[in-house]
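Summary of structural features
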Amino acid sequence: MQRRDFIRNASLALAAFGLPSLPACAASRNGQVGLRRLGQPQPFSFATLKGQARALAQAPYQSHKRVLPGRLEALDWDQYQSISYRQDHALWADQPGKFQAKFFHLGLYFHSPVRMFDVVDGQAQELAYDGAAFNYGKSGIRNGELPADLGFAGFRLNTRKDTDRDFAAFLGASYFRAVGKEGQYGQSARGLAIDTGMGRPEEFPDFIAYYLEQPAADSDTIIVYALLDSPSVAGAYRFAITNGDVLLMDIDSALYPRKAIERLGIAPCTSMYQVGENDRRMDWDWRPEIHDTDGLSMWTGAGEWIWRPLCNPRNLRFNMFVDRNPRGFG
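Calculation rules
Each residue is numbered by its place in its chain's sequence as written, counting from 1. Local features in a predicted model are, by the rule used here, given only for residues with pLDDT of at least 70; side-chain atom pairs are given and counted only at 80 or more, and totals for whole chains, interfaces and linings are based on all residues. Computation of side-chain values: all heavy atoms of the structure, hydrogens and water removed. Each nonpolar core is a collection of buried residues, namely Ala, Val, Leu, Ile, Met, Phe, Trp, Tyr and Cys, held together in the definition by side-chain atoms within 4.5 Å. Only protein chains enter the area calculation, which uses a 1.4 Å probe; residues under 20% of their type maximum are buried, those over 50% are exposed, and those in between are partly exposed. Only DSSP runs of H or I reaching four residues or more are called helices, and only runs of E reaching two or more are called strands; each is numbered from the N terminus. The criterion used for residue contact is that any of the two residues' heavy atoms lie within 4.5 Å. Polar contacts here mean pairs of N or O atoms no more than 3.5 Å apart (in protein, one a potential hydrogen donor and the other a potential acceptor; neighbouring residues in sequence count only if both atoms are side-chain atoms). Given a helix with a known number of residues, its expected span is that number minus one, times 1.5 Å. Comment: arc refers to directions from the helix axis out to C-beta atoms. Here, any two strands with at least 2 DSSP bridges between them count as paired. Patches here: salt-bridge-free residues with over 30% relative accessible area, like charges joined within 9 Å, nonpolar side chains (Val, Leu, Ile, Met, Phe, Trp, Tyr) joined within 5 Å. Here the open area of atoms and residues is found with the Shrake-Rupley method and a 1.4 Å probe, where only the protein chains shown may cover a residue. Definition used for salt bridges: Asp or Glu carboxyl oxygen within 4 Å of a side-chain nitrogen of Lys or Arg.

Remarks on the nonpolar core
- The biggest cluster of nonpolar side chains holds 50 residues, and the ones touching the most others in it are Phe103, Phe155, Leu157, Tyr210, Phe239 and Ile241.
- Contributions of two or more residues to this core are made by β4 (99–104), β8 (154–159), β9 (168–171), β13 (206–213), β14 (221–229) and β15 (233–243).
- Excluding its chain neighbours within four sequence positions, the residues that come into contact with Phe103 are Leu35, Tyr85, Leu91, Met116, Leu127, Phe134, Phe152, Gly154 and Phe155.
- Formed by 20 residues, the second largest nonpolar core is a distinct cluster that contains Ala124, Ile208, Ala209 and Ile223.

What follows is the structure, encoded as structure tokens:
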């Protein structure tokens, strides 16, 4: 993996593709707690987002690289992990629904600001970054010393019954992950994979904007939309996330390539494997296994179960499996 390009001038770059630039002034919705809203609400739908993605793909790619303030660039893992989002600024905290959203701060590995929109009754309005919404813990950063338009890195979803542990999170490039009732994290997913395992650096598309639709008070499903961009492709995504006994994500996507793509992964999974029962090559640690995932499990269209143990070889290795109408994999 190589460091991706990041936003240098998000306002100018995105304004050309139907996303308004950040205004100098922000106004909050009457009586609403939490983050301020920017500008005026605009009509929004999945069709609208597809139109934005199509327009984005028809124009030359513009780098999203942005250099963060030195204090953020220098954060180590523990310092970044000490930064938390304040409950009193959670999105929809004052609404009767079952869900709330909280936002991740930029820093550590996360250098690309992502624009956040609140969608209510088919109208989208951008959420303004506010340093006062964060508790900076042991990071050494004080509220007020960072730029007022810094932006967010991603977001997480909580239930009103449990505002501490999230059940889904979107953070970094096009990465996202979810966790069921058992609370066990493991595999993550990506919106798109481009040229993975090609013997050259793969391309990492970014989700550059999220639209969070406020769910009805009695709904068990929350809808999230995302706008994707990379040198090769732009895209629009719709995530219908149902937080039941088994967490379900129903994902719809529309992709608009800028150029031919040699190897495209449309449902890629990502995890971590260093040492396990099947491979002791990097056995320098006292722990018997170090991984989030130790194998690929596939349920074929013919009903057969296939298990491919993972390993950590010295050289690049990949396996290819052919199936018709696969029932599942993970």
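Now that the structure has been shown, we can carry on.
Quick notes on the side chain of Thr270
- Structurally, the position occupied by Thr270 is in strand β18 (residues 269–270).
- Polar contacts involving the side chain of Thr270 include one to the side chain of Arg190, which spans 3.1 Å.
- In this view, Thr270 contacts Tyr175, Gln187, Ser188 and Arg190; residues no more than four positions away in its chain are not counted.

Some details on helix α2 (residues 46–57)
- With 12 residues, α2 extends 17 Å between its outermost C-alpha atoms, agreeing within 8% with the 16 Å of an ideal straight helix rising 1.5 Å per residue.
- Turning to α2, its buried residues number three or more, namely Phe46, Leu49, Gln52, Ala53, Leu56 and Ala57. One side of α2 carries all its buried residues, which in axial view fall inside an arc of 135°.
- Looking at the buried side of α2, the elements it contacts are β13, β14, β15 and β16 (247–257).

Let's talk about the pairing of β13
- With respect to burial, β13 is a largely interior element, seven of its eight residues being buried.
- In the sheet, strand β5 (residues 115–120) pairs with β13 via five bridges, with the strands oriented parallel. Considered in β13, the bridge of Val119 is made with Glu213.

A short note on a nonpolar patch on the surface
- A cluster of nonpolar side chains, namely Phe318, Met320 and Val322, defines an oily patch on the protein surface of about 410 Å² accessible area.
- Relative to the elements of secondary structure, Phe318 occurs in the loop between β22 (305–309) and β23 (328–329).

Section: the pattern of salt bridges
- Counted according to the given criterion, the structure contains 14 salt bridges.
- Put simply, Arg71 and Glu145 hold a salt bridge, and the shortest N to O gap is 3.2 Å. Here Arg71, found in helix α3 (residues 70–73), pairs with Glu145, found in the loop between β7 (134–135) and β8; they are 74 residues apart in sequence, far enough to count as distant.
- For Glu145, a relative accessible area of 31% translates into the label partly exposed.

Details of unusual backbone geometry
- Non-glycine residue Trp92 carries a positive phi angle of around 70°.
- One can find Trp92 in the loop between β3 (84–85) and β4.
- The exposure class of Trp92 is buried, given its relative accessible area of 2%.
- The phi torsion at Asp121 lies on the positive side, around 55°, for a residue other than glycine.
- Secondary-structure assignment places Asp121 in the loop between β5 and β6 (123–127).

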